[in-house]
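Take a look at the letters that make up each chain.
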Amino acid sequence: MLSILILVPLLTALVVGFLPARLMAKGARQVTLIVASGLFIWSLVLLAQFNPGEMNLQFQENWSWIESIGLTYSLGIDGLSMPLLVLNGLLTAMAVYCTDEDLERPRFYYTLILLLNAGVAGAFLAQDLLLFFLFYELELIPLYLLIAIWGGKRRGYAATKFLLYTAASGALVLAVFLGLVFLSGANTFAYSNVQNLASLLPVGRQLLLLGGILIAFGIKIPLVPFHTWLPDAHVEASTPISMLLAGVLLKLGTYGLLRFGLGLFPEAWTVVAPWLATWAVVSVLYGAFNAIAQRDMKKMVAFSSVAHMGYILLAAAAGTSISLVAAVMQMVSHGLISALLFFLVGVVYKKTGSRDLDVLNGLLNRERGLPLIGSFMVLAVMASAGIPGMVGFISEFLVFRGSFPAFPVQTLLCMIGTVLTAVYFLILLDRTFFGRLSAQVIDLPRVYWSERIPAIVLAVLIVIFGIQPGWLVRLSETTTATMVTNSPTMALGVEVSR
């Protein structure tokens with residue numbers, strides 16, 4: 001059942017990429033959209049059959065692959081990966097839908113999108129360390145090419161910077177996995193086997209391996225000071241690719257941090273947890289202050305992602321029953337909200353030709369502006385700033401509620417980030433959507449209903465999960481509860497009621 005999410009996009013990529021151009025030139029988008037939508041529906045089928053109360057992996061597939069190196073084709077889902085898998089299916093389908101129909105080299109573009117989808121799904125499903133690494137690297141080249149070929153004026157620089165940073169991340173991941181298997185004496189890369197042996201390693205060796213994990217996934221998340229590739233990549237990437245990058249691909253870093261950091265090295269995690277919480281504060285405040293200083297709408301949203309990823313690190317560092325659930329919920333929340341923000345910024349740029357806050361003004365003008373897009377932007381900003389009734393509020397509230405008993409000072413400092421979020425997004429709204437319509441952007445093209453569908457879907461989900469967050473909480477609370485017994489909080493003797 002799980003292999004469908006990997007094999008179908010890979011096979012479709014072969015069909016789209018290698019069939020004669022006369023057959024696929026006009027049908028590449030339709031085929032990819034149908035397949036991407038089908039994969040999303042299939043993830044919903046798995047979600048419907050998923051048992052949130054089950055502690056063990058579900059829908060497991062285990063096949064011996066390369067016995068000589070201990071590589072197995074092992075897949076499975078738990079409460080940590082299930083929400084992210086559905087999010088990947090949703091945003092991939094939306095990215096395909098949002099792509100311009102007159103795109104150049106469409107067959108190559110949609111082939112890369114399908115490869116990207118397969119790589120991300122495989123990484124979330126893999127229960128073998130080496131298999132995870134293979135999928136983790138599979139998404140690297142497609143995303144590099146999607147930025148380098150269909151990006152903005154500085155796309156070459158941004159794509160190369162992304163490639164160098166994330167290649168270093170992958171190299172560190174592989175080095176840690178190889179070192180872990182060598183030091184532990186494991187004969188396979190199977191996660192369950194390595195997990196049992198990793199806990200027996202001396203704390204010094206655990207700290208060494210955990211340090212590599214933190215840097216590797218800190219680059220991917222990204223956390224300060226490894227964040228510099230992200231704003232450039234977002235600014236130069238097209239709107240659909242920015243939606244995927246912020247909504248799904250950054251979650252590979254936070255997922256890896258929980259799965260391979262806290263999950264494999266709980267004793268070492270206890271030692272570094274206070275430093276991780278402080279690192280979270282630096283990322284939250286640095287990202288927020290940089291967002292305030294921006295004049296490009298897209299770059300502002302990119303720096304907001306750096307800040308909001310810091311909340312997930314804070315929750316992971318605390319390791320309480322509430323904070324770990326909050327970490328998963330914040331991943332989903334940020335995925336939906338950031339995708340909506342980047343989509344809306346893309347619409348504004350497409351219709352006005354600018355993202356400059358000093359050029360745009362008065363876009364809420366109901367006659368000649370973009371009133372509905374502006375209304376959606378207000379909702380997205382409210383969600384990102386943590387206004388009650390939106391999914392952003394409940395995810396951030398749970399992060400702070402779960403982290404405060406373990407790290408009160410760091411939590412209070414991170415809470416300042418929510419205030420700063422309101423500041424920089426109010427600046428964006430005030431300069432872009434309110435006031436008199438700018439003379440440079442009058443008589444704007446009409447936004448058709450077909451162009452509004454992604455915003456409507458994302459906005460509805462943001463509100464629904466804000467009103468009924470229990471649907472998300474129930475998916476991951478059993479899985480995260482099994483991690484709490486080895487969490488930093490338990491080691492510190494702090495008890496937090498669920």
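Residues numbered from 1 in each chain as written. Predicted model: local features only at pLDDT ≥ 70, side-chain atom pairs only at ≥ 80, totals over all residues. Heavy atoms only, no water.

J.: Looking at this structure, I do not really get the overall build of the protein chain. What am I missing?
T.: Of regular secondary structure, the protein chain possesses 22 helices and 2 strands. About 18600 Å² of surface is accessible on the protein chain, with carbon and sulfur atoms providing 65% of the total. Averaging the positions of the 28 positive and the 24 negative side-chain charges in the protein chain gives two centres separated by 7 Å. (Helix = DSSP H or I, 4+ residues; strand = E, 2+ residues; numbered from the N terminus. Areas by Shrake-Rupley, 256 points an atom, 1.4 Å probe, with all protein chains shown as cover. Lys, Arg positive; Asp, Glu negative; His and termini not counted. Charge placed at Lys NZ, Arg CZ, Asp CG, Glu CD.)

J.: Honestly, the pattern of salt bridges in this entry has me stumped. Any pointers?
T.: Once their charged atoms are close, side chains differing in charge can pair, the charge on each being opposite to the other. Throughout the structure, instances matching the rule amount to 8 salt bridges. Put simply, arginine 259 and aspartate 78 hold a salt bridge, and the shortest N to O gap is 2.7 Å. Highlighted residues: arginine 259 in helix 13 (residues 251-262) and aspartate 78 in the loop between strand 2 (71-77) and helix 4 (82-98), separated in sequence by 181 residues. Taken individually, arginine 259 and aspartate 78 each receive the classification buried, so the pair is uniform in this respect. Residue lysine 351 pairs with glutamate 451 through a salt bridge whose shortest N-O separation is 3.2 Å. With lysine 351 in helix 16 (residues 321-352) and glutamate 451 in helix 20 (residues 449-467), this residue pair connects regions lying 100 residues apart in the sequence. (Salt bridge = Lys/Arg side-chain N within 4 Å of Asp/Glu carboxyl O. Buried < 20%, exposed > 50% of the residue type's maximum accessible area, 1.4 Å probe, protein only.)

J.: I'm lost on the nonpolar core in this one. Help?
T.: The tendency in soluble globular proteins is for nonpolar side chains to be buried as a group. One finds Phe132 and Met377 to be the most contacted residues of the largest nonpolar core, which totals 184 residues. Broken down by element, this core gets its largest block of residues, 19 residues, from helix 16. Excluding anything up to four places from it in sequence, phenylalanine 132 contacts Ala123, Ala126, Val173, Phe177, Phe217, Tyr255 and Phe260. (Core = buried A, V, L, I, M, F, W, Y, C linked by side-chain atoms within 4.5 Å. Contact = heavy atoms within 4.5 Å.)

J.: Looking at this structure, how should I read the pairing of strand 2?
T.: Most of strand 2 sits inside the fold, with 7 of its 7 residues counted as buried. In strand 2, alternate side chains face the same way, and those of Leu71, Tyr73, Leu75 and Ile77 on one face and Thr72, Ser74 and Gly76 on the other are all buried. Where strand 1 (residues 58-66) lies against strand 2, 6 bridges are found, and the strand directions are antiparallel. In the strand pairing of strand 2, glutamine 58 is matched with isoleucine 77. (Pairing = 2+ DSSP bridges.)

J.: Looking at this structure, how should I read the confidence of the model for the protein chain?
T.: Low-pLDDT portions of the prediction should not be read for the details of their coordinates. The pLDDT averaged across the protein chain works out to 90; a share of 95% of its residues lies at or above 70. Throughout residues 488-498 the model reports pLDDT below 50, and contacts reaching past four residues in sequence, or to other chains, amount to 26 contacts. (pLDDT = per-residue confidence, 0-100.)

J.: Help me understand unusual backbone geometry in this model?
T.: For the peptide bond that leads from isoleucine 221 to proline 222, omega is -5°, which places it in the cis range. On the secondary structure map, proline 222 appears in the loop between helix 10 (203-220) and helix 11 (229-236). Here phenylalanine 59, not a glycine, exhibits a phi torsion of approximately 55°, which is positive. Positionally, phenylalanine 59 belongs in strand 1. At arginine 105, a position not held by glycine, the phi torsion is positive, near 50°. Relative to the helices and strands, arginine 105 is located in the loop between helix 4 and helix 5 (106-125).

J.: Can you walk me through the side chain of serine 3 in this structure?
T.: Relative to the assigned elements, serine 3 resides in the segment before helix 1 (4-18). Overall, the relative accessible area of 13% leaves serine 3 in the buried class. Residues contacting serine 3, with those up to four places away along its chain left out, are Val8, Glu61, Tyr73 and Leu75.

J.: When you look at the side chain of glutamine 127 in this model, what are you seeing that I'm missing?
T.: With respect to the secondary-structure elements, glutamine 127 resides in the loop between helix 5 and helix 6 (129-138). Exposure remark for glutamine 127: the relative accessible area of 7% places this residue in the buried category. Of the polar contacts made by the side chain of glutamine 127, one reaches the backbone oxygen of glycine 76; its length is 3.4 Å. Once residues within four sequence positions are removed from consideration, glutamine 127 is found in contact with Leu57, Ser74, Leu75, Gly76, Ala190, Tyr191 and Arg259. (Polar contact = N/O pair within 3.5 Å; in protein donor to acceptor, adjacent residues only side chain to side chain.)

J.: Help me out: how do you make sense of helix 15 (residues 297-318) in this one?
T.: Residues lying three or four places apart along an α-helix face the same way, a consequence of the helix completing one turn every 3.6 residues. If you check helix 15, its first and last C-alpha atoms are 33 Å apart, about what 22 residues at 1.5 Å a residue would give, namely 32 Å. Counting buried positions along helix 15 yields 21 of 22 residues, so the element is predominantly enclosed. One or two residues past the end of helix 15 sits glycine 319, with phi positive at roughly 65°. (Expected span 1.5 Å × (residues − 1).)

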